[in-house]
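Residue strings, one per chain:
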Amino acid sequence: MRKKTTSDHIILYGKHAVIAALKAQRRKLYNLYITEKLLQQLKQQNGKFLQNVQIDITTNEKLDILTKQARHQSIALKASKLPNSNIDLILDTQPTTIMILDQITDNHNFGAIIRSCIAFNCQHIIVPHDNSETESAAVAKAAAGNLEYINIITVANLHKIITQLKKADYWC
């Protein structure tokens, strides 16, 4: 598992992850790094979502450096991390489905779980603070943009949260 960072921003990459972040508008957007060719393609496909971000035309070679050789698909976005969610969000909104995960440390598996959660209309994932994957560019890419549409709630003690959810009439 990667060391958790304390940086206030993230470099997202990959078409689905970046376009979803631009459209969802849950993050503060700093810079969109994109090749001229891809920018023209997106503008032809009704690229209204490109209006709220500074666009920096770049090359694939510079994107390789920025994304540390990740498969960026000619696009990267510097943006804030997603806003923090907490258990009160669940207790206040009473969603029908909540996913509780423990010790999922592989970013590709976590991304796949996020895709499945969205497919099954699950809007909240609870993970422990320690020994679990969290928001990262690799998770965003593996989730194919779906990270923007789910709330990840990081907790110190899963047992305590499960007890709290049971008291709120959730079956755990």
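In case you missed it, the structure is sitting above this.
Notes on the structure follow. Throughout, residues of each chain are indexed from 1 in the direction in which the sequence is written. The model is predicted, so local features are restricted to residues of pLDDT at least 70 and side-chain atom pairs to those at 80 or more, both for listing and for counting; the totals for chains, interfaces and linings are taken over all residues. Only hydrogens and water are set aside; all other atoms, that is, all heavy atoms of the structure, feed into the side-chain values.

### Examining the overall build of the protein chain
Counting from the N terminus, the helices are DSSP H or I runs at least four residues long and the strands are E runs at least two residues long. A count of helical and extended segments in the protein chain gives 7 helices and 7 strands. Reading the helices (α) and strands (β) of the protein chain from amino to carboxyl end gives β-α-β-α-β-α-β-α-β-α-β-α-β-α. Over its C-alpha trace the protein chain gives a radius of gyration of 17 Å, about what one expects of a compact globule, namely 16 Å for 172 residues. Overall, the protein chain is about 55 × 30 × 25 Å in size when its C-alpha atoms are taken along their principal axes. Contacts are residue-level and defined by heavy atoms, with any inter-residue pair within 4.5 Å sufficient. Sequence-distant contacts, at least 24 apart, represent 79% of the contacts inside the protein chain between residues at least 6 apart. Methods summary: accessible areas were calculated by the Shrake-Rupley approach with a probe of 1.4 Å, and residue burial reflects only the protein chains presented. Accessible surface, the protein chain: about 9,900 Å² in total, of which carbon and sulfur atoms supply 48%. Between the two quantities, the radius of gyration covers C-alpha atoms and the globule rule is 2.2 Å times the number of residues to the power 0.38.

### A closer look at the packing of aromatic side chains
The rule is short: rings of Phe, Tyr and Trp, with Trp giving its six-membered ring, pair when the centres are within 6.5 Å, and they are stacked under 30 degrees, edge-to-face over 60, tilted in between. Counting across every chain of the model gives 0 aromatic pairs. Sitting over a ring, as applied to charges here, requires NZ of Lys or CZ of Arg to be within 6 Å of the ring centre and within 35 degrees of the ring normal. Directly above the aromatic system of Y30 lies the positively charged group of K78, at a separation of 6.0 Å from the ring centroid.

### Thoughts on unusual backbone geometry
In this model, Q69 sits at a positive phi of 70°, which is unusual for a non-glycine residue. Mapped onto the elements of the fold, Q69 is located in the loop between α3 (60-66) and β4 (75-80). For N131, which is not glycine, the phi dihedral falls at a positive 65°. The topology assignment puts N131 in the loop between β6 (124-128) and α6 (137-142). Type-normalised accessible area, obtained with a 1.4 Å probe on protein chains alone, sets the label of each residue: buried when under 20%, exposed when over 50%, and partly exposed for intermediate values. Since its relative accessible area comes to 38%, N131 is described here as partly exposed.

### Some remarks on the state of the cysteines
Joining two cysteines, a disulfide is a covalent bond between their sulfur atoms. Note on disulfides: each one is a pair of cysteine sulfur atoms within 2.5 Å. A complete count under the given rule lists 0 disulfides for this structure. C117 takes part in no disulfide bond, and the closest cysteine sulfur to it belongs to C122, at a distance of 4.1 Å.

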